[in-house]
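Observations on chain architecture
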Amino acid sequence: MRLLYFAWVRERVGIGEEEVTPPSSVTTVAELVAWLAAASERHATAFGEPARLRAAVDQAFVPMDASIAGAREVAIFPPVTGG
Amino acid sequence: MIRVTVSTAAIEVAAELAALERDGAVASFTGLVRGDDGVATLELEHYPGATEAALERLAAAASARWSLSAATIVHRVGAMAPGERIVFVGTCAPHRGAALEACAYLIDRLKTDAPFWKRETVNGAARWVEARHGDGEAAARWE
């Protein structure tokens, strides 16, 4: 699964994207975020406050309880601020 | 006709407006970078591919809901200075009501539905702009 990070999430993790293979127990975006938070100290600073995060699965915005089954690309980012 | 552009190039409003003149009423919104609180530069990050797709979905939804003759969304990304144009939304319809409403819809929904992130630099320090609570309310009135 390809993960993409944007804005301060990208800065805190230190990279814009990475390939991961979460365990089968990780089935939702929220569980993925919790799993990522334990991956490294840098990940912990990016994913430690899940209430501040939003996500897209295969380029569509989804709620944090959305399934990641079969997802090729998951993006994690702060609330958007365009316009 | 739907036109969506996400680019580092400057936004040429006159040309965008002229291209929209396909029926009786054209409405537009232009957003400029504000220099509030000593902001020196504003940088726009986006999600390549997903951003364009989100804007195209919005333009298609507005076109269907208000029977638009044309809809244009242009959003700049990269570094900008105060006073520069950051976003342009334009609509064309047979009459003003549809053009004006669709234009307001597009800019309200763009703020919540399209993946862009602003980072501003003030006195040499960069900070990510926080989402505004009012943006969600403005977008929700079109539900």
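Heads up: these notes are all about the structure in this document.

Reading guide: rules and limits
- Residues numbered from 1 in each chain as written.
- Chains lettered and ligands numbered in written order.
- Predicted model: local features only at pLDDT ≥ 70, side-chain atom pairs only at ≥ 80, totals over all residues.
- Heavy atoms only, no water.
- Helix = DSSP H or I, 4+ residues; strand = E, 2+ residues; numbered from the N terminus.
- Rg over C-alpha atoms; globule rule 2.2 N^0.38 Å.
- Buried < 20%, exposed > 50% of the residue type's maximum accessible area, 1.4 Å probe, protein only.
- Contact = heavy atoms within 4.5 Å.
- Areas by Shrake-Rupley, 256 points an atom, 1.4 Å probe, with all protein chains shown as cover.
- Axes fitted to C-alpha atoms, helices over the stretch in contact; angles between N-to-C directions.
- Parallel < 35°, antiparallel > 145°, perpendicular 65-115°, else oblique.
- Left-handed = near helix turned anticlockwise from the far one by under 90°.
- Nonpolar A, V, L, I, M, F, W, Y, C, P; charged D, E, K, R; others polar.
- Buried area = accessible area lost by both parts, 1.4 Å probe.
- Salt bridge = Lys/Arg side-chain N within 4 Å of Asp/Glu carboxyl O.
- Polar contact = N/O pair within 3.5 Å; in protein donor to acceptor, adjacent residues only side chain to side chain.
- Phe/Tyr/Trp six-rings, centres within 6.5 Å; stacked < 30°, edge-to-face > 60°.

Some thoughts on the overall build of chain A
Counting its secondary structure elements, chain A contains three helices and five strands. In chain A, the succession of α and β elements from N to C terminus is β-α-β-α-α-β-β-β. Expected size for 83 residues packed as a compact globule is a radius of gyration near 12 Å; at 12 Å, chain A falls within 12% of this value. Overall size of chain A, expressed as C-alpha extent along the three principal axes, is 35 × 30 × 20 Å. For chain A, buried positions account for 45% of its 83 residues. Within chain A, contacts between residues at least 6 apart in sequence are counted, and of these 53% link residues at least 24 apart. In the structure as shown, chain A presents an accessible area of about 3,900 Å², 54% of it carried by carbon and sulfur atoms.

Looking at the packing of helix 2 (residues 50–66) of chain B against helix 3 (residues 96–113) of chain B
Any two packed helices are characterised by the angle at which their axes cross and by the distance between the axes. All names here are of chain B. Packing of helix 2 against helix 3 leaves a shortest axis separation of 10 Å and a crossing angle of 155°. When the axis of helix 2 is compared with that of helix 3, the two are roughly antiparallel. Once helix 2 is placed against helix 3, the crossing between them reads as right-handed. When helix 2 is examined against helix 3, the residues Ala-54, Leu-55, Leu-58, Ala-59, Ala-61, Ala-62, Arg-65 and Trp-66 are found in contact with a partner set consisting of Ala-98, Glu-101, Ala-102, Tyr-105, Leu-106, Arg-109, Leu-110 and Asp-113. For the contact of helix 2 with helix 3, the per-class residue count stands at twelve nonpolar, no polar and four charged.

So, the environment of B:Ile11
All names here are of chain B. Take Ile-11: it is sitting in the loop between strand 1 (2–7) and helix 1 (13–20). Distance from Ile-11 to Cys-103, taken between C-alpha atoms, is 17 Å for residues 92 residues apart in sequence. Discounting chain neighbours no more than four positions away, the residues touching Ile-11 are Val-74, Arg-76, Arg-85, Ile-86, Val-87 and Phe-88.

Here's the deal with the interface of chain B and chain A
Across the boundary between the two partners, chain B contributes 25 residues, which contact 20 residues of chain A. In total, chain B and chain A occlude about 1,700 Å² of area from one another, counting both sides; carbon and sulfur atoms represent 55% of this. On the chain B side of the contact with chain A, B:Tyr47, B:Trp117 and B:Trp128 bury the most area, a combined 39% of that side's loss. Measuring nitrogen to oxygen at the nearest pair gives 2.5 Å for the salt bridge that ties A:Arg10 to B:Glu45. For the interface between chain B and chain A, the tally reads 13 residue pairs in polar contact (both at pLDDT 80 or more). When contributions to the side of chain B that touches chain A are tallied by element, the ones reaching two or more residues are strand 3 (39–46), helix 2, strand 6 (85–93), helix 3 and strand 7 (116–122) of chain B. Ranked by the residues each element gives to the side of chain B that touches chain A, the list is headed by helix 3 of chain B, at five residues. For the side of chain B that touches chain A, a count of residues per class yields 14 nonpolar, four polar and seven charged.

Topic: the packing of aromatic side chains
Summed over the entire model, instances satisfying the criterion amount to nine aromatic pairs over all chains. Measuring from ring centre to ring centre gives 4.9 Å for A:Phe6 and B:Trp117, while their planes differ by 10°; the resulting arrangement is stacked. You can see A:Phe6 sitting in the loop between strand 1 (2–5) and helix 1 (7–13) and its partner B:Trp117 sitting in strand 7, one on each of two chains. For the pair shown, A:Phe6 and B:Trp117 are each scored as buried. Each ring, one from B:Tyr105 and one from B:Trp142, has its centre 5.8 Å from the other, and the planes form 85°; the classification is edge-to-face. A residue pair is termed long-range when its members are at least 10 positions apart, and B:Tyr105 in helix 3 and B:Trp142 in the segment after helix 4 (133–140) qualify at 37 residues.

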